[in-house]
Amino acid sequence: MLRIGQAAKQFDLSNRTLRYWEEMGILHSERADNGYRYYDSENERRIQQIVLLRTLQLPIAEIERIFLSQDVAIAVQALSAHASHLRQESADLNDLAQLVEELRQRLTETPDLLQALLPAIAKSNKPRLKSFLSERIFVMPKKLDNVRIVRLPAMTVAAYRAESATPENDCAAVHDKFVRENNLHQRSCFRQFGFNNPNPSEGNPIYGYELWVTIPDDFDVPAPLEKKQFGGGLYASIPTHMNEIGERWTQLYHWAEKSDQYRPTDAHQWLEECIDFETFNSPDAEECTMQLDLLLPIKPKLGGQNEH
């Protein structure tokens, strides 16, 4: 039997990712008499299978479909489609590399980047490449070379924290009711943040989650909620959806560790900001449509560039 915290450490996953897989029904744990949840050998093997498929960059939605269906034909279909997608992406990138080389050659003749670039694209005889470019030219990709550096302002917030085996849901039940009763989500300055408090740990099956919502300074906050002051700070931010939040947190933290300009800091609170309150809390919402911004506190490295 493998405790959840041990599984997270062994497979380099977050506790939240494991909990999400359980919620989707593709993984199951059992609670022992000591209050901890454990995976048996079958579910430990399931984790290994999921991790392997993620290593192959198979979308999590397809992995869920494979394991929920328990149908080998579905797995074959998903892998075939993924292989086809990878081959097409490889061909697209090869064509893109040829286009970049053509642009380089044109710049030796026409030292104007725009004049060289537009004819190169327009004259390309690769229809798929034109589509590939048009689909991406104005779309911000989710790659971590596009991390936003933002400064959150100081805010007054109404806070509520729950400690339980499912603190996110228990906290939201109280906090979101307060938001709706006071129409806070209709205010122009509305922002909602959440974070683990305390974080899940291997030695504690009970952990906490806290939610904040911005309020006017003179707003009366009823118990059991509390009024708090958040001092703001500098953050690195990327978007995510609930079905990939654990992986995206890991990616963002690794980005900050490797950054030439910034480093992670514990000076501020790690935050998950809800982008669309109504969609996120809709009873019909699916994990793959529930969007959050992840906000990792950072500080400039000594001798690096200033904040921007």
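Note that the coordinates shown come from a computational prediction; the quantities given were computed from them, not determined experimentally.

## Observations regarding the overall build of the protein chain
For step 1, the next point in the chain: Along the protein chain, the regular secondary structure elements total 10 helices and 12 strands.
For step 2, the next point in the chain: With 308 residues in all, the protein chain has 40% of them scored as buried.
For step 3, the next point in the chain: The contacts of the protein chain with a sequence gap of at least 6 include a subset with a gap of at least 24, amounting to 67%.
For step 4, the next point in the chain: In the structure as shown, the protein chain presents an accessible area of about 17700 Å², 51% of it carried by carbon and sulfur atoms.

## Observations regarding the nonpolar core
For step 1, the next point in the chain: Ranked by internal contacts, the top residues of the largest apolar core, which has 23 residues, are A7, L18, W21, Y39, I47 and I63.
For step 2, the next point in the chain: Broken down by secondary-structure element, the contributors of at least two residues to this core are α1 (4–10), α2 (15–23), α3 (41–55), α4 (60–69) and α5 (72–109).
For step 3, the next point in the chain: At four residues, α4 tops the list of elements feeding residues into this core.

## A few points about empty space enclosed by the protein
For step 1, the next point in the chain: Following the criterion strictly, the structure yields two cavities of 30 Å³ or more and no others.
For step 2, the next point in the chain: The calculated volume of the second largest cavity comes to roughly 40 Å³.
For step 3, the next point in the chain: Lining the second largest cavity, in full, are T17, Y20, W21, M242, N243, E244, I245, G246 and E247.
For step 4, the next point in the chain: Those elements that provide at least two residues to the lining of the second largest cavity are α2 and α9 (245–258).

## Thoughts on the sheet that holds strand β1 (residues 2–3)
The strands making up a sheet associate through hydrogen bonds between their backbones, and the pairing can be parallel or antiparallel.
For step 1, the next point in the chain: Pairing in this open sheet of three strands is antiparallel, and the strands run β1-β3-β2 from one edge to the other. The outermost strands of the open sheet, each flanked by one partner alone, are β1 and β2 (30–31).
For step 2, the next point in the chain: For β1 and strand β3 (residues 37–39), the ladder comprises two bridges, and the chain directions are antiparallel. The partner of R3 across the bridge, within β3, is Y38.

## Examining the side chain of E273
For step 1, the next point in the chain: Structurally, the position occupied by E273 is in strand β11 (residues 271–274).
For step 2, the next point in the chain: For E273, a relative accessible area of 9% corresponds to the buried category.
For step 3, the next point in the chain: A polar side-chain atom of E273 sits 2.8 Å from a polar atom in the side chain of R191.
For step 4, the next point in the chain: Not counting the four nearest positions on each side in its chain, E273 is found in contact with R191, Q192, F193, Q291, L292, D293 and L295.

## So, the packing of aromatic side chains
For step 1, the next point in the chain: As enumerated under the stated definition, the model contains six aromatic pairs in all.
For step 2, the next point in the chain: Summarising the aromatic geometry, the rings of F195 and W212 are spaced 5.0 Å apart at their centres and angled 75° between planes, so their arrangement reads as edge-to-face. Of this pair, F195 sits in strand β6 (residues 192–196) while W212 sits in strand β7 (residues 207–214), and the two are 17 residues apart along the sequence. As far as the burial class goes, F195 and W212 line up, both buried.
For step 3, the next point in the chain: The interplanar angle of 25° and the centroid separation of 5.7 Å between the aromatic rings of Y253 and W270 together place this pair among those described as stacked. Taken together, the residues span a long stretch of sequence, with Y253 in helix α9 and W270 in the loop between β10 (262–264) and β11 at a distance of 17 residues.

## A word on the packing of α3 against α4
For step 1, the next point in the chain: Two numbers describe how α3 lies on α4: the axes approach to 10 Å, and their chain directions differ by 145°. At the point where α3 passes α4, the crossing takes the right-handed sense. Mapping the contact onto sequence places R46, Q49, I50, L53 and R54 in α3 and I60, I63 and F67 in α4.
For step 2, the next point in the chain: Taken together, the residues of the contact of α3 with α4 break down into five nonpolar, one polar and two charged.

## Quick look at the pattern of salt bridges
For step 1, the next point in the chain: Following the criterion strictly, the structure yields nine salt bridges and no others.
For step 2, the next point in the chain: Residue R54 is joined to E247 by a salt bridge in which the shortest nitrogen-to-oxygen separation is 2.5 Å. Taken as a pair, R54 in helix α3 and E247 in helix α9 lie far apart in primary sequence, 193 residues in all.
For step 3, the next point in the chain: Residue classification places R54 among the partly exposed residues on the basis of a relative accessible area of 23%.
For step 4, the next point in the chain: R180 is paired through a salt bridge with E278; the nearest N and O atoms lie 3.4 Å apart.

## Examining α2
For step 1, the next point in the chain: Regarding α2, the residues found buried are R16, T17, L18, R19, Y20 and W21.
For step 2, the next point in the chain: Following α2 by one or two positions, G25 adopts a phi angle in the positive range, close to 85°.

## Overview of the packing of α4 against α5
For step 1, the next point in the chain: Contact geometry for α4 and α5: axes closest at 8 Å, N-to-C directions at 165°. One finds that α4 runs roughly antiparallel with respect to α5. The two elements α4 and α5 cross, and the hand of that crossing is left-handed. Residues E62, R65, I66 and S69 of α4 pack against I74, A75, Q77 and A78 of α5.
For step 2, the next point in the chain: Looking at the contact of α4 with α5 residue by residue, the class counts come to four nonpolar, two polar and two charged.

Rules used throughout
Residues numbered from 1 in each chain as written. Predicted model: local features only at pLDDT ≥ 70, side-chain atom pairs only at ≥ 80, totals over all residues. Heavy atoms only, no water. Helix = DSSP H or I, 4+ residues; strand = E, 2+ residues; numbered from the N terminus. Buried < 20%, exposed > 50% of the residue type's maximum accessible area, 1.4 Å probe, protein only. Contact = heavy atoms within 4.5 Å. Areas by Shrake-Rupley, 256 points an atom, 1.4 Å probe, with all protein chains shown as cover. Core = buried A, V, L, I, M, F, W, Y, C linked by side-chain atoms within 4.5 Å. 1 Å grid on protein atoms, 1.4 Å probe; cavity = no way out; pocket = protein on both sides within 12 Å on 5 of 7 lines; lining within 4 Å. Points joined across faces, edges and corners; volume = space filled by probe spheres on them. Pairing = 2+ DSSP bridges. Polar contact = N/O pair within 3.5 Å; in protein donor to acceptor, adjacent residues only side chain to side chain. Phe/Tyr/Trp six-rings, centres within 6.5 Å; stacked < 30°, edge-to-face > 60°. Axes fitted to C-alpha atoms, helices over the stretch in contact; angles between N-to-C directions. Left-handed = near helix turned anticlockwise from the far one by under 90°. Nonpolar A, V, L, I, M, F, W, Y, C, P; charged D, E, K, R; others polar. Salt bridge = Lys/Arg side-chain N within 4 Å of Asp/Glu carboxyl O. Parallel < 35°, antiparallel > 145°, perpendicular 65-115°, else oblique.

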